[in-house]
Amino acid sequence: MFQVLPYLAQYKINVKNEILAGLTTALALVPEVVAFALLAHISPLVGIGSAFIICLITSIFGGRPGMISGAAGSVAVVIVALVAQHGVEYLFLAVALMGVLQIAVGLLRFGKFIRLVPQPVVYGFVNGLAVIIFMAQLEQFKVPGAGGEDQWLQGTPLLLMLGLVALTMAIVYLLPKLTKAVPASLAAIIIVSALVIGGNLDTKSVGDIASIKGGLPTLHWPQVPLTWATLALVLPYSVIMALVGLTESLLTLTVVDEMTDTRGHGNQDCVAQGLANVASGLTGGMGGCAMIGQTMVNLESRGRGRLSGVVAALALALFVVAGSSLIEQLPLAALVGVMFMVVIGTFEWASLRILRRMPRADVLVMLLVTLVTAVSQNLALAVLLGVVISALVFAWENAKRIRARKHTDAAGTRHYEIYGPLFFGSVQAFTDKFDVQQDPTQVVIDFRESRVADMSGIDALHKLTERYHRLGKTLHLRHLSPDCRQLLRNAGALIEVNIQEDPEYRVVTAE
């Protein structure tokens, strides 16, 4: 049940720090959002407007205070083909439909399945995103050449850019050792910007990417025919965007939980992300999700409550409406330096320190997820691949653990005491443990230390029963847990087994 006072208290957590963190985060959002918009072949203003809408709604309604959402690059990669082939109007409809799907996921409480993501996959996801953020910053070291193609900076411009980046990183690193009154990232941006603007240094600025001057987003219904053909066209993009967005958001939520030693609400955040994307699509915007880089900027600036996200969103709106001329003068070197420090803070260095102590399968999963995330930027694919491989490794390891202790009692009955789960991976090893030809007429399989887990296990029992039956022998199952018995009952006519009732398991009712 929603409680007003605890919710309002999330806006009162150290107001000064929250406001300063929000301003810092907004400055870090601008170049990233503009770059992602250009990547998707849409106007930078569309990207900034989307970031404003998404950041504001998720900050107010989201399940993880302190987490920053916006127009993310992982979603922008998905929509490039749609925009190029069909135009932005189809994009707006796809984004709105994406939001509807995310709301449905949250309401159905499917967000809990993020718990199934193993730690090596989380490590790989975070490390892959750190690589993506780093590679994105390298684009700021390029300028248009004479032929229109991008070229790397050279000579004095390159040295100046590197020097300013290094100065920014030094300020971010050293300032907290002296004072924590002001977020180090914000102080670094202000100091380096003052140095560049006051010294009239010739270096790349935000305005060199694109102009951010404009107005706030307004209601805009997608100008597309509302037909089944249109739905069939945009639905695949919407599904992929919804999965990618929720994957990045929920895993970012998990990372923030670990960093702040608190717990967010995944299903609530799914609904908030969906509401934000519906609003973005219906105001002519692109899709978005949690942005781990900007979230780290916010956290490192001591933003922990909802107010920092709200301030970041309002600051973005202010930049567009009234402060564009000033923001466009900010040197990109300062923002790149801040993001480089974010990369250092985001990368899970602990995963490298424990590399030799991790199981080889976990190392493989972590490296694979990192590689797929960095190369394809398809987060849903990378995480799904990691989860599938981890599940297969788990199944293989458990398949090897099934054991059978055998003995014959005084009555001549052969007993097999099974240890380990009976499921699709262990069926063959289970079947090989029985000597059907040499066993006596009465055989008991004891499942006290085991359980039948799936249909493959049921089928294995059915086939084993038939083998004994053909030789005139009877197979009994003992000590089946209630869930295993229910599983066998549900199988119905598909299986014929003789379950031996065990007096030990009778229910004693209170008198």
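Attention now goes to a positive patch on the surface. Taken together, Arg109, Lys112, Arg115 and Arg263 make up a surface patch of like positive charges. For Arg263, a relative accessible area of 64% translates into the label exposed.

Between helix H5 (residues 88-107) and helix H10 (residues 266-281), whose axes approach to 7 Å, the crossing angle comes to 160 degrees. Here H5 is positioned roughly antiparallel relative to H10, judged by the angle of their axes. Crossing of H5 against H10: the hand is left-handed. Taken together, the residues of H10 that come into contact with H5 (itself represented by Phe92, Val95, Ala96, Met98, Gly99, Val100, Gln102, Ile103, Val105, Gly106 and Leu107) are Asn267, Cys270, Val271, Gln273, Gly274, Leu275, Asn277, Val278, Ser280 and Gly281.

Further remarks concern the pairing of strand E6 (residues 414-419). Two elements, strand E5 (residues 403-408) and E6, share six bridges in a ladder whose sense is antiparallel. Each residue of the ladder has a partner; that of Lys406, found in E6, is Tyr416. Adjacent in sequence and paired antiparallel, E5 and E6 are bridged by five residues, among which Gly412 carries a positive phi angle near 90 degrees. As judged from the five bridges shared by E6 and strand E7 (residues 442-449), these two strands associate in the parallel manner. When the bridges of E7 are listed, Arg414 appears paired with Val443.

The next thing to look at is the pairing of E7. Pairing analysis gives five bridges linking E7 to strand E8 (residues 474-478), with the strands arranged parallel. Across the sheet, Val444 pairs through a bridge with His476, a residue of E8. A crossover links E7 with its parallel partner E8, the connecting element being helix H19 (residues 455-470), and its sense is right-handed.

This next bit is on the packing of aromatic side chains. Within the structure shown, the criterion is met by seven aromatic pairs. Measuring from ring centre to ring centre gives 5.4 Å for Tyr7 and Tyr11, while their planes differ by 70 degrees; the resulting arrangement is edge-to-face. Residue classification places Tyr7 among the buried positions, given a relative accessible area of 16%. Look at Phe430 and Phe434: their rings are 5.0 Å apart centre to centre, the planes differ by 70 degrees, and that puts the pair in the edge-to-face class. Given the relative accessible area of 0%, Phe430 is considered buried. For Phe434, a relative accessible area of 7% translates into the label buried.

With that settled, consider the nonpolar core. Judged by nonpolar contacts, the single largest core of 109 residues is most densely connected at Leu91 and Phe319. For this core, the leading source of residues is helix H14 (residues 332-346), giving 11 residues. Residues contacting Phe319, with those up to four places away along its chain left out, are Ala26, Leu27, Val30, Ile212, Ser324 and Ile327. Core analysis: the second largest hydrophobic core is formed by 22 residues, Val427, Ile445, Val452 and Ala460 among them.

Here is what the cut-offs are and how they apply
- Residues numbered from 1 in each chain as written.
- Predicted model: local features only at pLDDT ≥ 70, side-chain atom pairs only at ≥ 80, totals over all residues.
- Heavy atoms only, no water.
- Patch = residues over 30% accessible without salt bridge, like charges linked within 9 Å, V, L, I, M, F, W, Y side chains within 5 Å.
- Areas by Shrake-Rupley, 256 points an atom, 1.4 Å probe, with all protein chains shown as cover.
- Salt bridge = Lys/Arg side-chain N within 4 Å of Asp/Glu carboxyl O.
- Lys, Arg positive; Asp, Glu negative; His and termini not counted.
- Charge placed at Lys NZ, Arg CZ, Asp CG, Glu CD.
- Buried < 20%, exposed > 50% of the residue type's maximum accessible area, 1.4 Å probe, protein only.
- Axes fitted to C-alpha atoms, helices over the stretch in contact; angles between N-to-C directions.
- Helix = DSSP H or I, 4+ residues; strand = E, 2+ residues; numbered from the N terminus.
- Parallel < 35°, antiparallel > 145°, perpendicular 65-115°, else oblique.
- Left-handed = near helix turned anticlockwise from the far one by under 90°.
- Contact = heavy atoms within 4.5 Å.
- Pairing = 2+ DSSP bridges.
- Right-handed = clockwise from strand over helix to strand, strands pointing away.
- Phe/Tyr/Trp six-rings, centres within 6.5 Å; stacked < 30°, edge-to-face > 60°.
- Core = buried A, V, L, I, M, F, W, Y, C linked by side-chain atoms within 4.5 Å.

By themselves, these figures tell us nothing about what the structure is for.
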